Amino acid sequence: MFGSSFARKEHHPSLASAHYSAYLFGPFRVLHAKQALGEPTWRRNKAKALLKWFLLNPGELFSVEQLSKLFWHDSHPKVAASNLHVTLHYLRHVLEPSLTSGQLSTFIHRNRYNYYWFDLHDDWWTDIADVYYLSTQAKEAEQQGNLARAFALYNQLIAYYKLTFLPEDIYEDAFSSYRRQHEYAAIQTLEHLMRLSTRIEYYDEALSCALYTLSIDPYNERAVKTLVHVHLQQGNTTGALCQLNEFEQMLQQEMGIQPGKEIMALRNVILNAR
């Protein structure tokens, strides 16, 4: 469900035990000892963007050239590199205000080849790591047959996705691939949750999930099939057919296409059963 940067997570400190917490779903914020860092406004907005990048790629090495091009691509290389060094200096002190001149940062490191990386240690809790953790735990619970636990964990994932990943950075190219990744993961999780809810006969939850899915993806056939299934479980054959007809008409009017074979087959099954 997620890329390689998520797969490298080997620990998941609890929110209660971590000294720092970072939230990338919904408005971005970083807390240290429950106090917001860099607020009410970050004096250097690029420092905030750089921190987001580091939190998304903990432990990865990046050259000065890579980071400069990423966030100052319109500037001359020397100017961009200078901006990067000033921003890094500022970011170090936002995260650790007590750093003295010449004292090394706990989190931002540089090697002798001038490559930078960010070390989370066990000091950081991030919602990104929590999303990976919840996804892994949900799959394990499902494989073990603990469907009620899996359902609860998938719902926690959906709660994150509903907040939207870095909503203030929709025009920031540096994060566009991550945004697409999470948008895709959100739809995949919703579709899986609909199947699971139907399987364990949580029909109210399946209905709610399907309606939310259609609010963000009105052409989602899995959501339509779920609504039809719920109608049929309630004995509402007319409602099921109306749902299918409305979906077919929308596809015809807006896209000039027919529904998939499964939708058409479902309609035939309902009509033949009447």
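Residues numbered from 1 in each chain as written. Predicted model: local features only at pLDDT ≥ 70, side-chain atom pairs only at ≥ 80, totals over all residues. Heavy atoms only, no water.

**Quick word on the pairing of strand β2 (residues 29-32)**
Then, number 1: Direction of pairing for strand β1 (residues 20-23) relative to β2: antiparallel, over a ladder of four bridges. Within β2, the residue paired with Ala22 across the bridge is Val30.
Then, number 2: Hairpin connection from β1 to β2: five residues lie between these consecutive antiparallel strands, with Gly26 at a positive phi of about 80°.
Then, number 3: One ladder, built from two bridges, connects β2 with strand β3 (residues 35-36); its direction is antiparallel. Across the sheet, His32 pairs through a bridge with Gln35, a residue of β3.
Then, number 4: The antiparallel pairing of β2 with β3 creates a hairpin that spans two residues between the two strands, and Ala33 there sits at a positive phi of about 55°. (Pairing = 2+ DSSP bridges. Helix = DSSP H or I, 4+ residues; strand = E, 2+ residues; numbered from the N terminus.)

**Considerations on the sheet that holds strand β4 (residues 62-63)**
Then, number 1: Taken in spatial order, the three strands line up as β4-β6-β5 in an open sheet, and their pairing is antiparallel. Only two strands of the sheet have a single partner each, and these edge strands are β4 and β5 (108-110).
Then, number 2: With two bridges joining them, β4 and strand β6 (residues 115-118) adopt antiparallel strand pairing. Counterpart to Phe62 in the pairing with β6 is Tyr116.

**Concerning the confidence of the model for the chain**
If pLDDT is low for a region, its predicted coordinates should not be looked at in detail.
Then, number 1: Scored by pLDDT, the chain comes out at a mean of 91, with 94% of its residues at no less than 70.
Then, number 2: Every residue in residues 1-10 is under pLDDT 50, and counting partners more than four places away or in other chains gives 29 contacts. (pLDDT = per-residue confidence, 0-100. Contact = heavy atoms within 4.5 Å.)

**Topic: helix α2 (residues 45-56)**
Then, number 1: Along its 12 residues, α2 runs 17 Å from first to last C-alpha, staying within 8% of the 16 Å computed at 1.5 Å per residue.
Then, number 2: The element α2 is extensively covered by neighbouring structure, given that 10 of its 12 residues are classed as buried. (Expected span 1.5 Å × (residues − 1). Buried < 20%, exposed > 50% of the residue type's maximum accessible area, 1.4 Å probe, protein only.)

**A short note on the nonpolar core**
Then, number 1: Grouped together as the largest cluster of nonpolar side chains are 80 residues, with contacts concentrated most on Leu24, Leu51, Leu55, Leu91, Phe118 and Trp124.
Then, number 2: Sort the elements by how many residues they give to this core and helix α6 (residues 147-163) lands first, with nine residues.
Then, number 3: If we ignore the near neighbours within four places in the chain, the residues touching Leu24 are Lys52, Leu55, Leu56, Asp127, Ile128, Thr164, Phe165 and Leu166. (Core = buried A, V, L, I, M, F, W, Y, C linked by side-chain atoms within 4.5 Å.)

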